[in-house]
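Examination of the molecular architecture
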Protein chains: 2
Amino acid sequence: MSANPTTGEKILLATINLMADKGYDSTTTKEIALAAGVNEVTIFRHFGTKEKLLEAAFNRFHYGNEMTKLFNEGFTGNLHEDLLTLSRTYHNIMNRNRKLISISLKGSSTLPESVLQEASNNPKHLKNLLAQYLTTMSSQGKVITSNPEIQALSFMWMNFGAFISSLNAKEAVSEETLNEFIDESVRLFTKALSP
Amino acid sequence: MSANPTTGEKILLATINLMADKGYDSTTTKEIALAAGVNEVTIFRHFGTKEKLLEAAFNRFHYGNEMTKLFNEGFTGNLHEDLLTLSRTYHNIMNRNRKLISISLKGSSTLPESVLQEASNNPKHLKNLLAQYLTTMSSQGKVITSNPEIQALSFMWMNFGAFISSLNAKEAVSEETLNEFIDESVRLFTKALSP
DNA sequence: AATTAATGTAAGTGTTCACTTGCATTCATT
DNA sequence: AATGAATGCAAGTGAACACTTACATTAATT
């Protein structure tokens, strides 16, 4: 389809950057062409329609199942360490995909929900993994026995809220602030969950 | 400007409902007219432009400074009780304004930021109030002395994350689930913050 | 019953948008 | 040097949009 791959990539990058700012509907193909340093027609020759263009962007930059792997392999059984690892990995992934998540949160009138879904409903999957982890830990007496589902939910929502806040903030949240938050919040939850 | 107030209100309500779904840019005045059961021209006679229409919607439905008042008057000095009150009041307010918040999160290419700002940057104000409260409590020995700023941030982000999640969820989050979450998360934080 | 304000109807304006077409140009491959 | 694919350029299409204008209709006020 494209002999010169850099042309297609330039278009995809410009698309993501612009749509993360203004949303799908309000980003015009003319703007994308200008930002990509490419003629508008080239966009349509590469991707056919504006809709397929965003689909391509999502397919290209989407993350795999890092998290599931983390839960299966990366955990030590030490609550504080594991929550820290989880929190850090989560924010890493979210930040790597922050623009795509931004686009999908803004939504669109015409775009099929399926395109936007995977990015935004992501805490649910994590919550389940974490709840399962807490249940196991609880059966080993390493965590208080009460309500793992809602405890996991609280932890994930806290991190999700932190991420969304940084997404909409005028000035970028510094890495230092993020680390400070991760450390302190993990400390809080460790204390709260310890028997 | 309008002798029959219900006409203006019907338009405002339709505007909020539609824009909460599709965002400002993608909602057309024609749709609004249809949903309000009103002729399109009537919209312009009432509000002049589409932009002023949304401004009117925000002015009409915006909430005052309930939260500041809550901190000044409504707190007992019992950590668990106070966090519970805070959490409940927060979700009450957010749910009452959920559509407007939805609109402002989706953003717009043309709309001035100032119109959308107040709704979305709201956790910051609350964080400051809560941090101050925690500092006071800590000086009374009722709360561990460590990092009130980030502890307050964690609490607010958790509730903010919960709200945003419910905003984008396909099926509405039931009131029961919300209450369960509030109870358990407040319990967690109370335990974590107690000396 | 007459007046007036609020609404409806119909038609249209200018603009912007996604997308198309035809042809000229560049550039790598042979 | 010749060929062919990728790109640029110029122009245009039809649809949708915010918004306007002129006039007819309704409903409340006097």
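The following refers to the structure shown. The structure displayed is predicted, hence computed values, not measured ones. (Residues numbered from 1 in each chain as written. Chains lettered and ligands numbered in written order. Predicted model: local features only at pLDDT ≥ 70, side-chain atom pairs only at ≥ 80, totals over all residues. Heavy atoms only, no water.)

We now examine the side chain of serine 166 of chain A. All names here are of chain A. One can find serine 166 in helix 10 (residues 148-168). There is a polar contact of 2.8 Å between the side chain of serine 166 and the backbone oxygen of phenylalanine 163. Excluding anything up to four places from it in sequence, serine 166 contacts Arg98 and Val173. (Helix = DSSP H or I, 4+ residues; strand = E, 2+ residues; numbered from the N terminus. Polar contact = N/O pair within 3.5 Å; in protein donor to acceptor, adjacent residues only side chain to side chain. Contact = heavy atoms within 4.5 Å.)

Once that is clear, we can look at the interface of chain A and chain B. Contacts between the two partners involve 33 residues from chain A and, on the opposite side, 33 residues from chain B. For chain A, the biggest contributors to the area lost against chain B are Trp157, Leu188 and Lys191 of chain A; these three give 20% of the whole. On inspection of chain A and its partner chain B, the count reaches zero salt bridges. Counting every contact that joins chain A to chain B gives ten residue pairs in polar contact (both at pLDDT 80 or more). For the side of chain A that touches chain B, the secondary-structure elements that each account for two or more residues are helix 7 (98-106), helix 8 (113-120), helix 10 and helix 11 (175-193) of chain A. In terms of residue count, helix 10 of chain A provides more of the side of chain A that touches chain B than any other element does, eleven residues in total. Taken together, the residues of the side of chain A that touches chain B break down into 13 nonpolar, twelve polar and eight charged. (Buried area = accessible area lost by both parts, 1.4 Å probe. Salt bridge = Lys/Arg side-chain N within 4 Å of Asp/Glu carboxyl O. Nonpolar A, V, L, I, M, F, W, Y, C, P; charged D, E, K, R; others polar.)

In this section: the packing of helix 2 (residues 29-36) of chain A against helix 3 (residues 40-47) of chain A. All names here are of chain A. In the contact formed by helix 2 and helix 3, the axes pass within 8 Å of each other and the chain directions differ by 100°. For the element pair helix 2 / helix 3, the angle class is roughly perpendicular. In this structure, helix 2 uses Thr29, Lys30, Ile32 and Ala33 to contact helix 3, whose residues at the interface are Glu40, Ile43 and Phe44. Per-class residue counts for the contact of helix 2 with helix 3 are four nonpolar, one polar and two charged. (Axes fitted to C-alpha atoms, helices over the stretch in contact; angles between N-to-C directions. Parallel < 35°, antiparallel > 145°, perpendicular 65-115°, else oblique.)

Bringing the protein's contact with DNA strand C into the picture now. In the vicinity of DNA strand C lie 19 residues, with Lys50 of chain A together with Thr7, Thr42, Arg45 and His46 of chain B positioned nearest. Sugar plus phosphate, as a fraction of atoms of DNA strand C within 4 Å of the protein: 59%. Between DNA strand C and lysine 50 of chain A, the relevant distance is 2.7 Å, taken from a phosphate oxygen to a main-chain nitrogen or oxygen of the residue. The side chain of histidine 46 of chain B places a nitrogen or oxygen atom 2.7 Å from a phosphate oxygen of DNA strand C. Among the elements of the structure, helix 3 of chain A together with helix 3 (40-47) of chain B are those that each provide at least two residues to the surface near DNA strand C. By residue number, the principal contributor to the surface near DNA strand C is helix 3 of chain B, which donates four residues. Split by residue class, the surface near DNA strand C holds six nonpolar, ten polar and three charged. (Near = heavy atom within 4 Å.)

All names here are of chain B. In this structure the tally under the stated criterion is eight salt bridges over all chains. In this structure, the salt-bridge partner of arginine 88 is aspartate 183, at a minimum N-O distance of 3.8 Å. With arginine 88 in helix 6 (residues 79-96) and aspartate 183 in helix 11 (residues 175-193), the pair connects residues that are 95 residues apart, well separated along the chain. For the salt bridge of arginine 187 with glutamate 184, the shortest nitrogen-to-oxygen distance reads 2.8 Å. Residue arginine 187 and its partner glutamate 184 are both found in helix 11; the two are separated by three residues, about one turn of the helix. For arginine 187, a relative accessible area of 45% corresponds to the partly exposed category. Here glutamate 184 falls in the buried class, since its relative accessible area comes to 6%. (Buried < 20%, exposed > 50% of the residue type's maximum accessible area, 1.4 Å probe, protein only.)

On their own, these measurements won't tell you what the molecule is for.
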